[in-house]
Amino acid sequence: MTNNICLLVEFTDICNLKCIMCDHGRGLKAHGEHPPGIMEEKLFDRIISCLKDTSIHIGCFHEGWMGESLCHKQFVKFSKKLFEANNIGNFFENYSINTNGLLFNKEV
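Rules used throughout
Residues numbered from 1 in each chain as written. Predicted model: local features only at pLDDT ≥ 70, side-chain atom pairs only at ≥ 80, totals over all residues. Heavy atoms only, no water. Helix = DSSP H or I, 4+ residues; strand = E, 2+ residues; numbered from the N terminus. Polar contact = N/O pair within 3.5 Å; in protein donor to acceptor, adjacent residues only side chain to side chain. Buried < 20%, exposed > 50% of the residue type's maximum accessible area, 1.4 Å probe, protein only. Lys, Arg positive; Asp, Glu negative; His and termini not counted. Salt bridge = Lys/Arg side-chain N within 4 Å of Asp/Glu carboxyl O. Contact = heavy atoms within 4.5 Å. Phe/Tyr/Trp six-rings, centres within 6.5 Å; stacked < 30°, edge-to-face > 60°.

> Help me get a handle on the environment of E93, residues and values and all.
Within the secondary structure, E93 sits in strand 3 (residues 92-97). The sequence separation of E93 and I58 amounts to 35 residues, and the corresponding C-alpha distance is 6.6 Å. A distance of 3.3 Å separates a polar atom in the side chain of E93 from a polar atom in the side chain of H57.

The structure is reproduced here in structure tokens:
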């Protein structure tokens, strides 16, 4: 049975487009007065560690929200770490991502 818990993690809130339906396109900051940012590897490792240590099984690990996930220079590295940890610990069933797809390449 699938768990309905969805964990939303945003690697970055930076975007490569300025779509009119999004805050980026309207000239607004994605998270109000907080400056745009890139998740540091130390924080990402802490998230994975917490997932390993918890007994909660997540239905979906969702990456992205207000930013373009693929703008994060360590997207591939983070994704590999995430899936390697999940192969061992099985803490989520599904994975989803918000992306405009423009930065997809062979490595990604």
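> With reference to specific residues and values, describe the side chain of E63.
Topologically, E63 is positioned in strand 2 (residues 58-63). K81 provides the closest opposite charge to the buried, salt-bridge-free E63, at an N-O distance of 14 Å. Residues within four places of E63 in sequence aside, it is in contact with V9, E10, F11, S69, F75, Y95, S96, I97 and N98.

> I'd like a description of unusual backbone geometry, backed by residues and values.
The bulk of non-glycine residues show a negative phi, and the bulk of peptide bonds are trans. For N90, which is not a glycine, the phi torsion comes out positive at approximately 45°. Mapped onto the secondary structure, N90 falls in the loop between helix 2 (75-89) and strand 3.

> Just give me the short version of the packing of aromatic side chains, but keep the residues and values in it.
Summed over the entire model, instances satisfying the criterion amount to nine aromatic pairs. Where F61 meets F92, the ring centres are 5.6 Å apart and the plane angle is 40°; that geometry is what we call tilted. Placement of the pair is F61 in strand 2 and F92 in strand 3, with a sequence separation of 31 residues. For F61, a relative accessible area of 1% gives the class buried. When its relative accessible area of 2% is taken as the criterion, F92 is described as buried. Seen from their ring centres, F61 and Y95 are 6.2 Å apart, and the 10° between their planes marks the pair as stacked. In this pair, F61 is assigned in strand 2 and Y95 in strand 3, connecting sequence segments 34 residues apart. Using a relative accessible area of 27% as the deciding quantity, one classes Y95 as partly exposed. Taken together, F61, F83, F91, F92 and Y95 form an aromatic cluster joined through their ring pairs.

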